2 protein chains.
Amino acid sequence: MENFNSGESIRMLSKNTVKFIKSLHQKKYRNQEGLFLVEGEKSVLEVLSSSFQIHLLLGTADFFITHQAALKAYKGEYIEVTQNQLEQVGTFRSNKDALVMAQMGSEEPFGLDQNELAIALDDVKDPGNLGTIIRIADWYGIRKLVLSPQSAEIYNPKVIQATMGSFTRIRWFYEELESVFSRWNRPVYGAFLEGENLHEVTSLKPGVILMGNESKGISPELERCVDRKLTIPAFGQAESLNVAIATAIITDTFKRILSA
Amino acid sequence: MENFNSGESIRMLSKNTVKFIKSLHQKKYRNQEGLFLVEGEKSVLEVLSSSFQIHLLLGTADFFITHQAALKAYKGEYIEVTQNQLEQVGTFRSNKDALVMAQMGSEEPFGLDQNELAIALDDVKDPGNLGTIIRIADWYGIRKLVLSPQSAEIYNPKVIQATMGSFTRIRWFYEELESVFSRWNRPVYGAFLEGENLHEVTSLKPGVILMGNESKGISPELERCVDRKLTIPAFGQAESLNVAIATAIITDTFKRILSA
């Protein structure tokens, strides 16, 4: 494989580069290379101005012209490509802007301070849900996310897309949640269908908001770690809410109460 | 085309039936035939027990055995098929249960009573967002939805899927929202990035929750119809929230205040 980090300018998109980028559509090669893809105007601009290390930037002529000022600080490799080429190497059906190959960050476990809120995900599998939850966390200023080992992979292009750049502002790691919770020793709040009515809760402490798998909810083993069960009150007949929707409503309530 | 409503039993899945069902993947043929598809175990069971008229039910042997009791009331046409056949005629990548061909309901304009809440969508384009919003409406007991003519089509299989059966409990129609709002003459609440802080709002009246397009928000023409602008407070750096997420948080706040 070519070394994209050589400091030399690459002028043309070679067949080998195309092949290399396309290999990163798969988790196996992402992990092997320690690289992942970021696609689309907004996400690419966000990752370029983040602390992620960039190995290659592909952009259309339009993209380079429109974002001349924002790109001034970028000193790495880049190739000007056509929209067609972008769509061929990337995962987006339509991408008239840019694509970046970035280096995965470290996913070292971190602690949780007394005044901090974190989100914990127990086997959330859908990439769109995970990405949306990261965007919600970022909106509400929650910077810490912990995921069970079977949860979706954040570097999946669908997750990255759904975060709309918010993955650059969140820290995360994957680990069995029981161990994390016992180490953190902070209150764990779980979303259940039969808990305290969220609309009647008046006092909450910073801690962990635990959300469960799309179909199975929170596993029985983790249920034992939950200090308070919370329920979004239903007024109609839908059996459940999507996990990202539920995360948003619960997080909103935490911020509503904690910052009042 | 065959008449699936003849009352006679169809034993085999004919080539013509396959072709007919597949044509309903496209909006053009859905509108021409007045029929749409419902796929997957939960959604099919929901539509079978709803007031929608069913023209044909395809199910696997497993589905018919598992849901014998629930299917007793169903007197229409059905064909037993394999999982493979289901996946061939439908839009789901994986469907081991059932698919239904149902007749579109009427979409006659309705009024809005003084004590009712409705959701209005200004050009919400993404089928997943629209379906999720319908599921949220159903969760919160909101039965009325009005959509601008350029919004996504509810009978799109992706919308139907995302509603998880909730489309059977919601009424809707498509019309220019300005006309609807002036006819209803009820308070219109719009989601904006610079309005009243939703966490500080203490009094709300029943009326219309207006949500805008995924990238453009609420159009300037409609902004003029808005009585109160509401904003979900941001604590981090995400530029925006997904429209379905925002709908959920605002709707939750309405129910929190109105039912207190």
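Scroll up to find the structure this text is about.
Residues numbered from 1 in each chain as written. Chains lettered and ligands numbered in written order. Predicted model: local features only at pLDDT ≥ 70, side-chain atom pairs only at ≥ 80, totals over all residues. Heavy atoms only, no water.

Some details on the packing of aromatic side chains
All names here are of chain B.
Thought 1: The tally for this structure, following the rule as stated, stands at 24 aromatic pairs over all chains.
Thought 2: Their ring planes at 20° and their centres at 6.2 Å tell us that Phe110 and Trp184 sit as a pair that is stacked. With Phe110 in the loop between strand 4 (98-103) and strand 5 (118-121) and Trp184 in helix 9 (residues 177-184), this residue pair connects regions lying 74 residues apart in the sequence. The burial state of Phe110 is the same as that of Trp184; both residues are buried.
Thought 3: Seen from their ring centres, Tyr189 and Phe254 are 4.8 Å apart, and the 80° between their planes marks the pair as edge-to-face. (Phe/Tyr/Trp six-rings, centres within 6.5 Å; stacked < 30°, edge-to-face > 60°. Helix = DSSP H or I, 4+ residues; strand = E, 2+ residues; numbered from the N terminus. Buried < 20%, exposed > 50% of the residue type's maximum accessible area, 1.4 Å probe, protein only.)

Looking at the packing of helix 7 (residues 127-139) of chain A against helix 11 (residues 243-258) of chain A
Residue and element names in this part refer to chain A.
Thought 1: The geometry of helix 7 relative to helix 11 is characterised by a closest axis approach of 9 Å and an angle of 15° between their N-to-C directions. With respect to their mutual orientation, helix 7 and helix 11 come out roughly parallel. The crossing of helix 7 and helix 11 is right-handed. Taken together, the residues of helix 11 that come into contact with helix 7 (itself represented by Asn129, Thr132, Ile133 and Ile136) are Val243, Ala244, Thr247, Ala248 and Thr251. (Axes fitted to C-alpha atoms, helices over the stretch in contact; angles between N-to-C directions. Parallel < 35°, antiparallel > 145°, perpendicular 65-115°, else oblique. Left-handed = near helix turned anticlockwise from the far one by under 90°. Contact = heavy atoms within 4.5 Å.)

Structural notes on the nonpolar core
Thought 1: In terms of nonpolar packing, the biggest core is built from 113 residues, with Leu145 of chain A together with Leu57 and Leu145 of chain B touching the most fellow members.
Thought 2: When neighbours within four sequence positions are excluded, Leu57 of chain B is seen to be in contact with Val44, Leu48, Phe63, Phe64, Leu71, Tyr74, Glu77, Tyr78, Ile79, Ala98, Leu99 and Val100 of chain B. (Core = buried A, V, L, I, M, F, W, Y, C linked by side-chain atoms within 4.5 Å.)

Things to note about the packing of helix 11 of chain A against helix 11 (residues 243-258) of chain B
Thought 1: Remark: helix 11 of chain A packs on helix 11 of chain B, axes separated minimally by 9 Å, with the N-to-C direction vectors making an angle of 55°. Compared by their axis directions, helix 11 of chain A and helix 11 of chain B come out oblique. The two elements helix 11 of chain A and helix 11 of chain B cross, and the hand of that crossing is right-handed. Residues Ala244, Ile245, Ala248, Ile249, Asp252, Thr253 and Arg256 of chain A of helix 11 of chain A form the contact with helix 11 of chain B, whose own contacting residues are Ala244, Ile245, Ala248, Ile249, Asp252, Thr253 and Arg256 of chain B.
Thought 2: Looking at the contact of helix 11 of chain A with helix 11 of chain B residue by residue, the classes come out as eight nonpolar, two polar and four charged. (Nonpolar A, V, L, I, M, F, W, Y, C, P; charged D, E, K, R; others polar.)

Here's the deal with empty space enclosed by the protein
Thought 1: By the definition in use, this model includes one cavity of 30 Å³ or more.
Thought 2: Every residue along the wall of the largest cavity is listed here: Ala238, Glu239 and Ser240 of chain A together with Lys42, Arg135, Thr163, Met164 and Ser166 of chain B.
Thought 3: Looking at side-chain class alone, the lining of the largest cavity contains two nonpolar, three polar and three charged residues. (1 Å grid on protein atoms, 1.4 Å probe; cavity = no way out; pocket = protein on both sides within 12 Å on 5 of 7 lines; lining within 4 Å. Points joined across faces, edges and corners; volume = space filled by probe spheres on them.)

Considerations on the environment of Ala238 of chain B
Thought 1: Within the fold, Ala238 of chain B resides in the loop between strand 10 (228-231) and helix 11.
Thought 2: The class of Ala238 of chain B is buried, set by a relative accessible area of 8%.
Thought 3: Excluding its chain neighbours within four sequence positions, the residues that come into contact with Ala238 of chain B are Arg135, Asp138, Trp139, Ser166 and Arg169 of chain A.

Some thoughts on helix 11 of chain A
Residues lying three or four places apart along an α-helix face the same way, a consequence of the helix completing one turn every 3.6 residues.
Residues and elements named next belong to chain A.
Thought 1: The first and last C-alpha atoms of helix 11 sit 22 Å apart over 16 residues, in line with the 22 Å expected at 1.5 Å per residue.
Thought 2: Burial analysis of helix 11 places 15 of its 16 residues in the buried class, the great majority of the element.
Thought 3: Residue Asn242 occupies the N-cap position of helix 11, its side-chain oxygen lying 2.7 Å from the main-chain nitrogen of Ala244. (Expected span 1.5 Å × (residues − 1). Polar contact = N/O pair within 3.5 Å; in protein donor to acceptor, adjacent residues only side chain to side chain.)

As for the environment of Ile154 of chain B
Residue and element names in this part refer to chain B.
Thought 1: By the element assignment, Ile154 lies in the loop between strand 6 (144-147) and helix 8 (157-163).
Thought 2: By relative accessible area, Ile154 is classed as buried at 1%.
Thought 3: Sequence separation between Ile154 and Thr202 is 48 residues; the distance between their C-alpha atoms is 34 Å.
Thought 4: Not counting residues within four places of it along the chain, the set of residues in contact with Ile154 comprises Leu130, Ile134, Leu145, Leu147, Val159, Ile160, Trp172 and Tyr174.

Digging into the sheet that holds strand 3 (residues 78-80) of chain A
Residues and elements named next belong to chain A.
Thought 1: Taken in spatial order, the four strands line up as 1-4-2-3 in an open sheet, and their pairing is mixed. In this open sheet, the two edge strands, each paired with only one partner strand, are strand 1 (35-39) and strand 3. The sheet shows a mean angle of 15° between the axes of neighbouring strands, direction not considered.
Thought 2: Bridge count for strand 1 against strand 4 (residues 98-103) is five bridges, and the pairing is antiparallel. (Pairing = 2+ DSSP bridges.)

A short note on the interface of chain A and chain B
Thought 1: If you look at the interface, chain A gives 34 residues, while chain B gives 34 residues.
Thought 2: Summing the contributions of chain A and of chain B, the shared interface buries around 3200 Å²; its carbon and sulfur component is 59%.
Thought 3: Inspection of the chain A/chain B interface yields two salt bridges.
Thought 4: Lys42 of chain B is paired through a salt bridge with Glu239 of chain A; the nearest N and O atoms lie 3.2 Å apart.
Thought 5: Across the contact surface, chain A and chain B share 20 residue pairs in polar contact (both at pLDDT 80 or more).
Thought 6: Mapped onto the side of chain A that touches chain B, the elements with two or more residues apiece are helix 7 and helix 11 of chain A.
Thought 7: Tallying contributions element by element places helix 11 of chain A first for the side of chain A that touches chain B, with eight residues.
Thought 8: Among the residues forming the side of chain A that touches chain B, the class breakdown is 15 nonpolar, ten polar and nine charged. (Buried area = accessible area lost by both parts, 1.4 Å probe. Salt bridge = Lys/Arg side-chain N within 4 Å of Asp/Glu carboxyl O.)

So, to be careful, I would describe these as geometric facts and stop short of saying anything about function.
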